[in-house]
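# Structural features, examined
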Amino acid sequence: MRTDFPDIDRQDRAILAELAADGRMSVADLARRIGLSKSPTQARVKRLEAEGIITGYRALVDPIRMGLDHVAFVEVRLSDTREKALAEFNAAVRRIAEVEQAHMIASNFDYLLKVRTRSMNEYRAVLAERISALPHVASTSTFVAMEAVKEPGLLGGLETVT
């Protein structure tokens, strides 16, 4: 059982939710929104960064406006699931730019990949030339997304916790 979870209180959660919604917010605006003064808010943000809870800040790019509107979910079954094989697969899948997410799954398949491309033709090439060529891939099944109804932020459900 993990015992290294940091102490996160209601105000820390409020800071995380606000920064998840707008990471460019000034400390003064953040302080006003969570009901603290600027100095303790800034100290909390620095602590959350130092503890590795806040791991960075980035721009969110709209993939649709970038022409990347084809999303496929790929079930991957491996021929070998020993640790060495899993490590080889993990390292190789991280190098495929079109793979937006990769999750090891407890199911009748081993991994679920979210793959984003410009078109079905581009996806077919990625599947044939890159994903199917990954180490230890035995088979794949593809599910094409028709519409993104909800795409979660990095905090999952924390945005609604106050």
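This part is about the side chain of Thr-41. Among the secondary structure elements, Thr-41 is positioned in helix α3 (residues 38-50). Engagement of the side chain of Thr-41 in a polar contact is seen with the backbone oxygen of Ser-37, the distance being 2.8 Å.

So, on to the pattern of salt bridges. Overall, the coordinates contain twelve salt bridges when judged by the stated rule. Here Lys-84 and Glu-88 are joined by a salt bridge, their closest N and O atoms 2.8 Å apart. Highlighted residues: Lys-84 and Glu-88, both in helix α4 (residues 83-93), separated by four residues, approximately one helical turn. Exposure remark for Glu-88: the relative accessible area of 29% places this residue in the partly exposed category. Through salt bridges that share partners, Asp-9, Asp-12, Arg-44, Arg-47 and Glu-51 make up one connected network.

Bringing the pairing of strand β1 (residues 70-78) into the picture now. Across the nine residues that make up β1, a large majority, seven, are buried. One ladder, built from seven bridges, connects β1 with strand β3 (residues 111-117); its direction is antiparallel. Considered in β3, the bridge of Glu-75 is made with Leu-112. Here β1 runs beside strand β4 (residues 137-144); their pairing, made up of seven bridges, is antiparallel. By the bridge assignment for β4, Arg-77 is matched with Ser-139.

Criteria and thresholds
- Residues numbered from 1 in each chain as written.
- Predicted model: local features only at pLDDT ≥ 70, side-chain atom pairs only at ≥ 80, totals over all residues.
- Heavy atoms only, no water.
- Helix = DSSP H or I, 4+ residues; strand = E, 2+ residues; numbered from the N terminus.
- Polar contact = N/O pair within 3.5 Å; in protein donor to acceptor, adjacent residues only side chain to side chain.
- Salt bridge = Lys/Arg side-chain N within 4 Å of Asp/Glu carboxyl O.
- Buried < 20%, exposed > 50% of the residue type's maximum accessible area, 1.4 Å probe, protein only.
- Pairing = 2+ DSSP bridges.

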